[in-house]
Structures are given as C-alpha cells and as structure tokens.
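Geometric and topological summary
The lines below spell out each chain.
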Amino acid sequence: MVSYSSKPGISLPTAASQPYVAPRKTVPTRQAIALISEHGDPAAEIGKDAAGGQNVYVRQVGEALAKLGWQVDMFTRKVNPQDAAIVQHSPHCRTIRLVAGPEQFIPRDALFPYMPEFVEAFRAFQSKEGIHYPLVHTNYWMSAWVGLQLKQHSNIQLIHTYHSLGVVKYQTVPDRPAIADTRLAIERQILEQADCIVATSPQEQDALRTLVSEQGYIEVIPCGTDIDNFHTIPRAEARATLGFAADDAIVLYVGRFDARKGVETLVRACAQLKEGIVNKETGDRAVKPANLRLVIVGGSDPNGADGLERERIDQLVQSMGLAEQTVFAGQIGHTQLPLYYTAADVCVIPSHYEPFGLVAIEAMACGTPVVASDVGGLKFTVVPNETGLLVPPQDTEAFAQAIERVLTDELWAKKLRQQAPIRVQKNFSWSGAAVHLSDLYRRLLAQSISSTLFFGAATTTQPERSEKPPILKEA
Ligand code: UDP
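These numbers come from a predicted model, not from an experiment.

1. Here we look at the sheet that holds strand β8 (residues 218-220)
If you trace the eight strands from one edge of the open sheet to the other, you get β3-β4-β2-β1-β5-β6-β7-β8, paired in mixed fashion. Strands at the two margins of the open sheet, each flanked by one partner only, are β3 (86-90) and β8. Across this sheet, the average inter-strand angle for adjacent strands is 25°, counted without regard to direction. Pairing of strand β6 (residues 157-161) with strand β7 (residues 196-199), which is carried by two bridges, proceeds in the parallel orientation. Each bridged residue has a counterpart across the sheet, and for Ile-159 the counterpart in β7 is Cys-196. Docked against the sheet, helix α2 (residues 115-129) engages β1 (31-36), β2 (70-77), β3 and β4 (93-98), running at close to 130° with respect to β4. Contacting β7 and β8, helix α6 (residues 202-212) crosses the sheet at an angle of about 160° to β8.

Put into structure tokens, the structure is as follows:
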C-alpha cells in the first residue's frame, strides 16, 4: 500500500446551496491523478518492442509531477504475465499494469477491441483502492477513448496528449489500416470534448486546428529532456570509451526500427557520402569524408515488426557496400546514450513524420548538431544554422549534402555544437514541462470546483483562456 489518503483532495459538495467549507481534516497531503498510456508502458525498457518517446514522456512527466507534490498513478496494459502488476518508481509515482485482453504484446492497430476491458479494469482498480481520480491525463488516441468513457460517468477533468496524429501519419503511409476511420473520429472527439489538449509544439497545435477541428481548447507545453543526464562530455573521452578513433566521421541514428523513421534515407545518404557527392553544376565530386562511420542505435525483436525492419536495413547496408562502415549498436539505455551522442559528429533524424522527436533535443543537449527532416516537432526543436539543419523528408541527396556540411565545415559545426545545448537548457527540461502541466491541472481542478459550486453539477470547464504562448524563450 502507498502512503496517501484514498480520498480525493478536492471534495465536491452535494448541494450547491451549502456554503463551501474546506474539509481540512480529510484533505490528504497529495492529490491523486491518473496518467493513462494504454500501450506505452512507463516502466518498460526504452528503445525496443515499440517502446519509445511516449513511454519516456509519461514516465518523466509522472516522476516530475510527483516531485511537485502530486500522487501520480500511471496506467498501462499488461503485456506479459511475468511483469509486476504495480511498479513503484518513487514514493509517490507508480506504474499500474491493468489486464485488458491477453497478457501479450498486441500490435497497436489490433488493440482497440480491448479498450472496454481496460476501462472496466481501471474502474475496478479505483473501487478496490478506494480512489477517485478527479483528473485524468490520457496519451495516444486509444487512451483518449478510455478517458472519454470515464468522463461520461464521473466528474473528471480530462487532459489529452496525442503523441501521434492519425490525420498526419496516414498521409505518410502507403496503406491505411482498417482502424483508421475509428482513430480519426476519436482524435476529433477528444479535441472537441476534453477539458484541455496538450500539444507538444506549435506545429502540432496548427495541425490540430487546420486538419482536425476548430473546436476545443489547446495549450502548447513542449516535451523535455533530462538535462542532468544529457549534457556535454569531452568528445575524445566518449570516443575512447566506445572504441572509435579520433578522426572517425561519425553519423548517428538513435531510435526505433520503423519504416516511418526513414533509416533507409539515411543509409542511402551515407552511400552517397562514401562515394563523394557530385556537384550538379560543376560535375566535380566533393572530397569524401574520411573514415565515415554510420552508427545505428536501437533495439529490435527478431520476431516482431521492428525485427523485420532491422533486417531490411541490414540488407540495404550490405547492398550499398556500407557494411564495413556501419555499426548496429543495439538497444542503449539513457545512462549510456550521452556517450554516443557526444562521440558523434552529427545526429540524423530522417523521419517521414515526427510528432515531437525526443532524440533531437537529447542530441542537442549533448552538443551534437542535428540534421533532421523538416517535419512536425522537428521544425520547432531544430533551428537551422543554429543547432543543425532541416531538409525535406526522404530526400537522400539533401540529407547527404547537409550531413557532409556538418562533417566538413568545422568552424560552423563548432558553433552549432556550442549553441545546441543552450537552446535545450533554456526551453526543454522535464521539470519545466511538469511545472506547466501542474499549473494547468490546478487551474482545471479549481475551475471544476467553482463550476460545481455555482451550477450545482459537473460541467465541462476550460481553464481561463490565457492562450499563453508556448513556454519557449527564444535562445
Ligand atoms: N531510445 C533509447 N534507446 C535506444 C533507442 C531509443 O533509450 O536504443 C530512446 C531515445 O533516447 C528517446 C526515445 O527512445 O528518448 C525515442 O523517442 P522519440 O520521440 O525520438 O521517438 P518515438 O519513439 O516516439 O517515435
């Protein structure tokens, strides 16, 4: 059992006419809130089995909110009978794995039918523990559906973060899955009915407004990174630790194996670099970067979809004659990743679509210039010529040229190395993101109480529309 009162911290009066007296004796020291992330287990190992940015976001935000005084319960689906039902991360932050469908990995496109069971399991957990969560923050569209069901029957404040937008994603994939229409409908419903949508970049906010609905309240609160972990360390030291030579030209990819991540574009670009890029106007070949190294970080399950993509990339590497230059480093944890970022000359993010892209800010925090696709959240985090370069997605030649520039223009690259961490420290920390989320939660809960007091019933409330600009302070 955890050490907090099972009663919610904010009591709702039963009759609007009764004067409000703060029930001091029953107020617990901490308000319990629920984060729901149906497929992104906050306690999972990151970097394989489809665990990526969403898992990191929920875990980091959850832990940071607990430090700010909330009791944070993070709910996910149990995918393995051997996994613990409850993982306690810190005294006031835990992951709770609910049984909804078979206890095995189920691909995202086949998961929706199990969401009614998830709702039931969530309700059963609340009754068993005697907890009512007055505020639920959902992540990804299936959790949004769960949140909408909960909101129908109880007075909760519902906040949602998309992590991925179907309407944008489906523009970049050749075949729409059967679940696509359901997903699009729920993504619209949550925007119009949640008490607040948290967009992680102004670009996501624009996409929501122009492609999903003009209704609904949105605040922009960017993702963060752990700046105590991701910071600059001497490059020579990092290279020596990882066994790279001082004069290697290291091009780094960090992320999952998924076709939309565009690793293929990066491999093709590196093949061009190896041969030396031909200047279209003069026909000259640029000097080849000596000792080119392509380092690919990310885990995969040989029996899973990411295993198939890893295999496809491996074959491409072979067929492009890059086997000698390429290192598949496998899954690397966050404590070791700063060594890879710092050792690299450039970190490349060739995604076809990227809602935010945590890897960009992790690399920049470590002083590594980023060459990224000019899409989604990467347009927000990477500042061209200041922290890296943005190029059109899937444009092999543009990637090759941008990478070559970082590898060969030393003075300019040095400037990027100095500027990149400053931008991250100023704008993208998890503690900063959590402060803004915490402030939003408090406003929503306070307004929920006042609307109940004045109108005698729960209504959908929205926080005062400060329409605050994003917390970004331009570097
Ligand atoms: N990651 C990791 N180890 C790996 C590969 C990736 O820890 O071997 C982490 C990476 O550091 C980042 C996250 O996985 O925190 C990927 O998040 P991002 O937003 O870039 O991509 P997503 O997975 O959401 O598509």
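From this point, the discussion proceeds with the structure in view.
2. Topic: α6
Considered for burial, the residues of α6 that qualify are Glu-204, Ala-207, Leu-208 and Val-212. Looking straight down α6, one finds its buried side chains confined to an arc of 100°; they lie on one side. Residues of α6 that are buried make contact with α4 (166-169), α5 (180-193), β7 and β8.

3. Description of the site of the ligand
Around the ligand, a shell composed of 21 residues is seen, among which Arg-256, Lys-261, Ile-332, Leu-358 and Glu-362 lie nearest. One nitrogen or oxygen atom from the side chain of Arg-260 is found 3.4 Å from an oxygen atom belonging to the ligand. Of all elements in the fold, only α1 (53-67) and α11 (358-365) reach the threshold of two or more residues within the shell around the ligand. Broken down by class, the residue content of the shell around the ligand amounts to eight nonpolar, eight polar and five charged. Split by domain, the residues of the shell around the ligand number at least three in each of domain 1 (24-224 + 429-455) and domain 2 (235-427).

4. With respect to helix α9 (residues 305-319)
Taking 1.5 Å per residue as the helical rise, α9 with its 15 residues ought to reach 21 Å, and the 21 Å between its terminal C-alpha atoms agrees with that figure. For α9, the set of buried residues is Asp-306, Gly-307, Glu-309, Ile-313, Asp-314, Leu-316 and Val-317. Buried residues in α9 make contact with α8 (263-275), β10 (292-297) and β11 (326-330). Note on α9: the residue one or two positions beyond its end, Gly-321, has a positive phi of about 70°.

5. Side note on the pattern of salt bridges
Side-chain pairs of opposite charge can arise where the charged atoms are in close proximity. Within the structure shown, the criterion is met by 23 salt bridges. Salt-bridge contacts for Arg-312 lead to Glu-309; the nearest nitrogen and oxygen are separated by 2.9 Å. On the criterion of helical spacing, the pair formed by Arg-312 and Glu-309 is a turn pair, its members being three residues apart in helix α9. Residue Arg-312 is classed as partly exposed on the basis of its relative accessible area of 34%. One network of salt bridges, with partners in common, ties together Glu-264, Arg-268, Glu-309 and Arg-312.

6. Side note on the packing of aromatic side chains
Overall, the coordinates contain 13 aromatic pairs when judged by the stated rule. When the centroid spacing of 5.6 Å and the interplanar angle of 80° are considered together, the rings of Phe-75 and Tyr-133 count as edge-to-face. Linking Phe-75 in strand β2 with Tyr-133 in the loop between α2 and β5 (135-139), this pair joins segments that are 58 residues apart in sequence. Neither residue differs from the other here; Phe-75 and Tyr-133 are each classed as buried. Aromatic pair Phe-257 and Phe-328: ring centres 6.5 Å apart, planes at 35°, arrangement tilted. Note that Phe-257 is positioned in the loop between β9 (249-254) and α8 and Phe-328 in strand β11, a separation of 71 residues in sequence. Phe-257 sits in the buried class, given a relative accessible area of 4%.

7. Points about unusual backbone geometry
In this structure, Asn-385 takes a positive phi of about 70° despite not being glycine. Among the structural elements, Asn-385 can be located in the loop between α12 (378-381) and β14 (388-391). With a phi angle near 65°, Gln-394 is a residue other than glycine that sits in the positive phi range.

Cut-off values and rules
- Residues numbered from 1 in each chain as written.
- Predicted model: local features only at pLDDT ≥ 70, side-chain atom pairs only at ≥ 80, totals over all residues.
- Heavy atoms only, no water.
- Pairing = 2+ DSSP bridges.
- Helix = DSSP H or I, 4+ residues; strand = E, 2+ residues; numbered from the N terminus.
- Axes fitted to C-alpha atoms, helices over the stretch in contact; angles between N-to-C directions.
- Contact = heavy atoms within 4.5 Å.
- Buried < 20%, exposed > 50% of the residue type's maximum accessible area, 1.4 Å probe, protein only.
- Arc of directions from axis to C-beta.
- Near = heavy atom within 4 Å.
- Polar contact = N/O pair within 3.5 Å; in protein donor to acceptor, adjacent residues only side chain to side chain.
- Nonpolar A, V, L, I, M, F, W, Y, C, P; charged D, E, K, R; others polar.
- Domains from an automatic or database assignment.
- Expected span 1.5 Å × (residues − 1).
- Salt bridge = Lys/Arg side-chain N within 4 Å of Asp/Glu carboxyl O.
- Phe/Tyr/Trp six-rings, centres within 6.5 Å; stacked < 30°, edge-to-face > 60°.

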